[in-house]
Number of protein chains: 2
Amino acid sequence: MTDTARLHYVALGGAGEVGMNMYAYGYGTDEDRRYILVDVGVTFPDMESTPGVDLIMADPGFIADQADRLEAIFITHAHEDHVGALPHLWPRLKAPVYARRFTAEIARMKLDQAGLDPEIVNLAPPWPEQIAAGPFRVGFLPIAHSIPEASSLVIDSPAGRLLHTGDYKADTTPLVGEPYAPELIQQVAAGGIQALVCDSTNVFAPHPGRSEADLAGPITELVRKASGMVVATTFASNIARVRTLAQAGEAAGRAIVVMGRAMLRMLDAARRADVLPDFPTLAGIEDLERIPGDHLMVIVTGSQGERRAMSAQLARGAHGRLEIGEGDTFLFSSKTIPGNEVAVAAVENQLTARGVRVFDGEDGRYHVSGHANRPDLEALHKLVAPRMLVPMHGEFRHLAEHAALAEAGGIAAGLAPNGTILDLSGERPVIAGQAPVGRLYLDGSVLVGARDGIVRERLKLALRGQVILSLLLDEDGNLLDEAWAEIQGLRNELDDGQTLGAEIEAAVTRDLENVRPKERQSDDAVERIAKKSTGDVCLQLIGRKPAVLTMINRIT
Amino acid sequence: MTDTARLHYVALGGAGEVGMNMYAYGYGTDEDRRYILVDVGVTFPDMESTPGVDLIMADPGFIADQADRLEAIFITHAHEDHVGALPHLWPRLKAPVYARRFTAEIARMKLDQAGLDPEIVNLAPPWPEQIAAGPFRVGFLPIAHSIPEASSLVIDSPAGRLLHTGDYKADTTPLVGEPYAPELIQQVAAGGIQALVCDSTNVFAPHPGRSEADLAGPITELVRKASGMVVATTFASNIARVRTLAQAGEAAGRAIVVMGRAMLRMLDAARRADVLPDFPTLAGIEDLERIPGDHLMVIVTGSQGERRAMSAQLARGAHGRLEIGEGDTFLFSSKTIPGNEVAVAAVENQLTARGVRVFDGEDGRYHVSGHANRPDLEALHKLVAPRMLVPMHGEFRHLAEHAALAEAGGIAAGLAPNGTILDLSGERPVIAGQAPVGRLYLDGSVLVGARDGIVRERLKLALRGQVILSLLLDEDGNLLDEAWAEIQGLRNELDDGQTLGAEIEAAVTRDLENVRPKERQSDDAVERIAKKSTGDVCLQLIGRKPAVLTMINRIT
């Protein structure tokens, strides 16, 4: 405990992973520190670790448990990993939310869908205006990223000015949204930056990042040369890319149709936020039937091979109104996010099997990243010349590499994965404690703790299969019927014509009958005997021990 | 049906995927066609589609159902995707197996472990000797790959000579095992090749493949410069790479320790097959305690981030005898197989968090592929000048691209994914029918059909969670007790202090009591009512409908 006011930083999510960003800044004494939160994002579940889960988000407990000290929530941009958890966690935080127009459109839509008041979100004007939030003054500094109106945050505190980059790229021609503006950043940094809290995603990418504008040529060329229908997919929120694709279609004299709810919603938000200049007029989905394929450019969702998205539907021929086939072209204007490789390859294979020519963004011809590469990061370090650097937005190896890069450039770096509280008040970052961190799962309509064991139980059932035993006894321990076994996720038919279920029923019944009735008066003993019999039979007959659930009914 | 003898090719596995290779060649009339099988491999399961499954293999039914027509089985090399299913499927095939020495060592080990006679496997001499198998004569033509004694097969039939490449790379200096030898291939092809059946894995790799020998320099340099302990991982079967790593350690004056059962087994087999020249003397695992880290080079299993392998154990500090940490070096001399990206990144992050410097093979500096790249394939097409080409060993998009490449070079190509029977007797490949194909899962000790629904049931439990209802009624339909609900993989505690289980029990009991006793005499009706109540309660309280299993006990 100290009685002098200190400036603290702690990531509750996003530092040690790519996803579920949530960063807290605090200023004050330990008795009365006031906080702001930056971003409230989600991570997406996978079958490997989180089957059946709808969304994953950072556990906001550290701040939620002292929510009266939270002054405000700032959302840097509208990507799901920065804004997606807002409707689920805001009820625990209950602080005013600030975002720029496009981000606010998306955030308000989410709140509205969740039955919350969209007006929780306040419109933030861009820098040089600032928003007062307790001891902090926060400005939204426009910066380039793969979505409109992404912002760095200029966070002024009594302990000095912080620059929180948010997700950014050093793109001076991003086509949609504001460019990366070194002069502006220099002005902001002119009075000295106490700490640069910086995007680390692409720290291992050795070459300077390329511009969104570099893609227009190759994409226009690809569409111009294509003979059949052209279908292209990209991230729904990458408005600049959707626009480039649409303009390429227009230049080739094609009618443009956009399909996929997420993308249409993003375009609507972009229109309302007035960040959609020179966007070609779209044809409607009902026009698909009258326009021949070689006059059509279709832009769809599903760049990650998501099963329900448009690209996967078209690939498996499951879309009622549009069929893609021999001689058509499909462009993935995107990169495959780690973990989605197999799903994307499956879509590519299905399309190829239909005779479609498939192009992807893997070699950089049809896709550029939304994050600053290593030389771009070095340039920003020099431009800002902060007293210290805190790497964020990356897996641990990205944070460590980014910290080493800063140190090599003479800047003190603080390696702070989720939960590590850094004191940024002094000459260099100092670890000031540990905040409780964790993950919450949105599961249907309820939030579940990652360590509650609920998902672990699902994984156990999937990995082991299950035998459910129903046993009927009286209070004296007499078995009133044979054991009844239901088999789930296991082969029931045995090679000798018998069934696994019948063998288990016989063994459990026999083993229960072989003990004294007095022992059968105890449910624990009955369960223990029944589970052992079942495990033994399964190991012998099918070579594995499934999960066993015993339901003992005592009839009086 | 034809009454003239024809030459048929059909992939039962491996064409339309990378894995579970199994190719059949047949010659004769439809009434009396005689077959040989090439390779009997596995694919590895994943949580996404095959939770709990131990191994995946091609359903050999097409051949097994006419096993009396199967003359012999030829194994091209000892990778799991070519030999791994032998012990599981041989009992359905029961034909003599032929393999070269190193491959035979591995195959025999597997048969022995499965309680089968290792002598099923016959040693095959290399080309120019040939093995008679019905109408075929088969020769093992040495070729380079990432494992010793890989072979192409020269398959002579009355309809002409086939060259089945197996997995290969155009490496003239593979360090261990025989080189790619263009002169030898030219000799084989001199009399004309009816069909080249060819590896398609790397058809999208635009540059000529690099040699295993190219790695010795960079790896030796990396180890020489390292200050702390060096740990390196690669595929256990890549004997040449293990040797390069060991020699790099030796050159740096380090003691070499190999850890991981799979790798030690491969080295043993290589020693017995006499394909391990100039291999440094190994220190024992018991020496780890007395040798300081900077005098140590440890070569381990786990290049794919497998949870139980050495690399993952070291990364999470779970290995009892060896600890890796600050200042040590870890080298992935391997590529990450699609689908394993997240697991490998997790290991890299854990190592980085321990202060270990991590290097990987992604940029090609410390790893080369075992497969021929696009220009290498083109060179082989020209060298062999076959009448026709059949692409194999690849996903559909690889096969299609390889077929297009051959056609562009003036060679007729036959695109034949698993199950497509090609007639190779004529001027160009002709589709002659469709063989039944599918996947079998090894699950514990039993084989399960992929379409049996067993794994689908596991996935359902994992994705939805489950409510199990135990209901006690008499024959007249009287409910003898309240419904009893067990909850699996769902949050039981509700926000109002109640439990989901209690709410379900109350609703089911109420809804059952609300119908006439006569209706409750039917198990079907009871089940229907109970399931509906459960689904409604769950949807209302937790926002999702779980799986429901109803166990109705009728007490007499």
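Computed from a prediction, not measured in an experiment: that's the story for all the values here.

Q: So what's going on with a negative patch on the surface? Which residues, and what values?
A: A grouping of Asp46 and Glu48 of chain A together with Asp46 and Glu48 of chain B is seen on the molecular surface, where their side chains present a negatively charged patch. Inspection of the secondary structure assignment puts Glu48 of chain B in the loop between strand S5 (42-43) and strand S6 (55-58). Residue Glu48 of chain B is classed as exposed on the basis of its relative accessible area of 53%.

Q: Please provide a residue-by-residue account of the environment of Glu348 of chain A, values included.
A: Counting through the fold element by element, Glu348 of chain A comes out in helix H10 (residues 341-353). A residue is classified by how much of its surface remains accessible, and Glu348 of chain A, at 7% relative accessible area, is buried. Once the C-alpha coordinates of Glu348 of chain A and Ala312 of chain A are considered, the two residues, 36 residues apart in sequence, prove to be 9.0 Å apart. Sequence-distant contacts of Glu348 of chain A, that is, excluding residues within four places in its chain, are made with Phe332, Val358 and Asp360 of chain A together with Arg397 of chain B.

Q: Account for the relation of the copies chain A and chain B, with residues named and values stated.
A: Mapping chain A onto chain B leaves a residual RMSD of 0.0 Å; the transformation is a rotation of 180 degrees accompanied by 0.0 Å of translation along its axis. Expressed as a symmetry operation, the mapping of one chain copy onto the other fits a two-fold axis. Across chain A, the smallest distance between a C-alpha and the rotation axis is recorded for Ala462 of chain A, namely 2.7 Å. Interface residue correspondence from chain A to chain B reaches 100%, placing this contact among same-surface, isologous pairings.

Q: Summarise the packing of helix H5 (residues 182-189) of chain A against helix H11 (residues 374-384) of chain A; cite the residues concerned and give the values.
A: When two helices pack together, their arrangement is given by the angle between the helix axes and by the axis-to-axis distance. All names here are of chain A. In the contact formed by H5 and H11, the axes pass within 9 Å of each other and the chain directions differ by 40 degrees. Looking at the two axes, H5 sits oblique to H11. From H5, Pro182, Ile185, Gln186 and Ala189 reach across to H11, where they touch Leu380, Leu383 and Val384. Per-class residue counts for the contact of H5 with H11 are six nonpolar, one polar and no charged.

Q: Please provide a residue-by-residue account of the interface of chain A and chain B, values included.
A: Interfaces are often described in size by the accessible area the parts lose on coming together. Of the residues lining the interface, 52 residues belong to chain A; the matching set on chain B comes to 52 residues. With both chains or domains summed, chain A and chain B bury close to 4,800 Å², and 61% of this area falls on carbon and sulfur atoms. It is Met47, Arg491 and Met551 of chain A in chain A that bury the most area against chain B; as a group they hold 14% of the surface buried on that side. On inspection of chain A and its partner chain B, the count reaches four salt bridges. The residue Arg544 of chain A makes a salt bridge to Asp443 of chain B at a minimum N-O spacing of 2.5 Å. There are 26 residue pairs in polar contact (both at pLDDT 80 or more) connecting chain A and chain B. A per-class count over the side of chain A that touches chain B returns 27 nonpolar, 13 polar and 12 charged.

Cut-offs used in this document
Residue positions are counted from 1 within each chain, in the order its sequence is given. Each chain is given a letter, starting from A, and each ligand a number, starting from 1, according to the order in which they appear as written. Whole-chain, interface and lining totals are the exception, using all residues; otherwise, since this is a predicted model, local features are given only for residues with pLDDT of at least 70 and side-chain atom pairs are given and counted only at 80 or more. Heavy atoms from the whole structure form the basis of all side-chain values; hydrogens and water molecules are not counted. A residue counts toward a patch only above 30% relative accessible area and without a salt bridge, and it is joined to like-charged neighbours within 9 Å or, for Val, Leu, Ile, Met, Phe, Trp and Tyr, to nonpolar neighbours within 5 Å. Areas reported here follow the Shrake-Rupley algorithm with a probe of radius 1.4 Å; residue values treat only the protein chains shown as occluding. The term salt bridge refers to a pairing of a side-chain nitrogen on Lys or Arg with a carboxyl oxygen on Asp or Glu at a separation within 4 Å. Asp and Glu count as negative and Lys and Arg as positive, but His and the ends of the chain are not part of the count. Charged groups are reduced to one reference atom each: NZ for lysine, CZ for arginine, CG for aspartic acid, CD for glutamic acid. Strands here are runs of E lasting at least two residues and helices are runs of H or I lasting at least four, both read from the DSSP assignment and numbered beginning at the N terminus. Remark: exposure states derive from per-residue accessible area (1.4 Å probe, protein chains only) relative to the maximum for the residue type, with buried under 20%, exposed over 50%, and partly exposed in between. Whether two residues are in contact is decided by their heavy atoms, any of which lying within 4.5 Å being enough. When the copies are superposed, the least-squares fit takes in the C-alpha atoms of residues with a pLDDT of at least 70 in both. In this analysis an axis means a line fitted to C-alpha atoms, helices contributing only their contacting stretch, and an angle means the value between N-to-C directions, from 0 to 180 degrees. Angles are sorted into four bins: roughly parallel if under 35 degrees, roughly antiparallel if over 145, roughly perpendicular if 65 to 115, and oblique for all others. In this count, Pro and Cys sit with the nonpolar residues alongside Ala, Val, Leu, Ile, Met, Phe, Trp and Tyr, while Asp, Glu, Lys and Arg are called charged and the others, Gly among them, polar. Summed over both partners, the accessible area lost on bringing two parts together, with a 1.4 Å probe, is the buried area. Polar contacts here mean pairs of N or O atoms no more than 3.5 Å apart (in protein, one a potential hydrogen donor and the other a potential acceptor; neighbouring residues in sequence count only if both atoms are side-chain atoms).

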